[in-house]
Amino acid sequence: MSIQLVTTVAGLKAESARLLTAKGGASQGLVPTMGALHEGHAALARTAVGQNDVVVASIFVNPLQFGDAADLDRYPRTLEADLALLEEQGVDLAFAPSVEEVYPGGEPLVRVTSGRLGEKWEGASRPGHFDGALTVVAKLLHYGMPAAGLPAGSGGDAVNGSLPAYRAYFGQKDAQQLALVRRMVADLDFPVEIVGVPTVRAADGLALSSRNRFLSDDERDAALVLSRALRLLEERANAHEPLDLDSALALVESQPLVELDYFEVVDPGTLEPLAENCRETPFRGEALALIAARVGPVRLIDNMPLNS
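Given the structure is predicted, the values throughout are model-derived calculations rather than measurements. Note that residues are indexed from 1 along each chain, following the sequence as it is written. Local features in this predicted model are restricted to residues whose pLDDT is 70 or higher, and side-chain atom pairs enter the listing and the counts only when it is 80 or higher, whereas totals over whole chains, interfaces and linings include all residues. As a rule here, side-chain values cover all heavy atoms of the structure and leave hydrogens and water aside.

Let us now look at the nonpolar core. Within the largest apolar cluster, 45 residues are counted, with the highest numbers of intra-cluster contacts made by Phe-95, Leu-141, Met-184, Val-192 and Ile-194. Starting at the N terminus, helices and strands are each numbered in turn, a helix being any DSSP run of H or I of at least four residues and a strand any DSSP run of E of at least two. Of the residues forming this core, the biggest block, eight residues, is contributed by helix α7 (residues 129-143). Domain start and end points were adopted from an automatic or database domain assignment. Here this core spans two domains, and each of domain 1 (4-197) and domain 2 (212-307) adds at least three residues to it. Contacts were defined at the residue level, with two residues in contact if any of their heavy atoms lie within 4.5 Å. Val-192 has contacts with Leu-141, Tyr-166, Arg-167, Ala-168 and Val-185, leaving out every residue within four places of it along the chain. In these notes, a set of buried Ala, Val, Leu, Ile, Met, Phe, Trp, Tyr and Cys residues joined through side-chain atoms within 4.5 Å is what counts as a nonpolar core. The cut-offs for exposure are 20% and 50% of the maximum accessible area for each residue type, with area from a 1.4 Å probe on protein chains only; residues under the lower value are buried, those over the upper are exposed, and the others partly exposed. Grouped together as the second largest cluster of nonpolar side chains are 28 residues, Leu-215, Leu-233, Val-258 and Leu-306 included.

Here's what the structure looks like:
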């Protein structure tokens, strides 16, 4: 069956409810995106399709996440290619609303605040970014919520009056965003399971990103130092060795085309820097290595879960 495109909240709710009933489904998945989709998004969609009866993918370039109007204007819009990619993965519905549909009264006066967790790392470099991201994710989670109560005898596991299982899928590449979404869902009692999907990388190790297309050949080669430094920490963690973050930092700083913003090993839940296990003592436990840098005109982020 071909993917269906809807552009209104009412259309999304009506079509997803119709599909759940037609399939006798007991679960619905949501894959929020800003379009310009690549294999990383395809992995999100495939995971969602494998775990749910009905899958919705949203395509919406959220203006609240951009501090620079020029950055918003140049963000690629590739709707036809995005729909083709989603259809190949088996996604049922694509929700591509206008800005006016999502923010009918203009920019919202009340927003979700990311708090201390959103003020560090990416939040320090992009003030207000995570408030805008969480605000739109909160709205999308509401839009994509499945209707309660499939008709009795529909053939699904859900019973009349019950709520089908609901899951939303986010990439581990945006580790801080994933942590914030999980905290928002837990702190504000959203009835949805947040599923993190591992980062998808090119064959040379570069994390896939919609922004990679803006790199020149030389800049792309230089950007590989980010993943190499992360892999170095991963190898040391797996070997139960001191992480020696300073030497990994020196590796990044040796690349003249890379302007480092931050490189740190943090607690996966709080994103606070680890006080121990980083430089001289053998690494134990779990951590998350975060890195961000500007390569030419492009700001890139990456991360690596560490588990001894």
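On we go.
Bringing the domain arrangement of the protein chain into the picture now. Segmenting the protein chain into domains produces domain 1 (4-197) and domain 2 (212-307). On a C-alpha basis, the centroid separation for the pair domain 1 and domain 2 is 29 Å. Counting residues at the interface gives 16 residues for domain 1 and 20 residues for domain 2. A side-chain nitrogen of Lys or Arg and a carboxyl oxygen of Asp or Glu constitute a salt bridge if their distance falls within 4 Å. Where domain 1 meets domain 2, there are two salt bridges. Note that Glu-122 and Arg-299 form a salt bridge whose closest N and O atoms lie 2.5 Å from each other. Breaking the side of domain 1 that touches domain 2 down by element, the ones donating at least two residues are α6 (122-125) and α8 (175-187). Of all the elements, α8 adds the most residues to the side of domain 1 that touches domain 2, at three residues. Under the scheme applied, nonpolar residues are Ala, Val, Leu, Ile, Met, Phe, Trp, Tyr, Cys and Pro; charged residues are Asp, Glu, Lys and Arg; polar residues are all the others, including Gly. Looking at the side of domain 1 that touches domain 2 residue by residue, the classes come out as six nonpolar, four polar and six charged.

As recorded in UniProt, the feature "binding site: beta-alanine" (unreviewed entry) lies at Gln-65. In this structure, Gln-65 sits in the loop between β3 (54-59) and α3 (69-74). Setting aside anything within four residues of it in sequence, one finds Gln-65 in contact with Met-34, Arg-126, His-129, Gly-132, Ala-133 and Val-136. UniProt positions are given in the numbering used here, feature names are shortened, and annotations may be inferred rather than shown by experiment.

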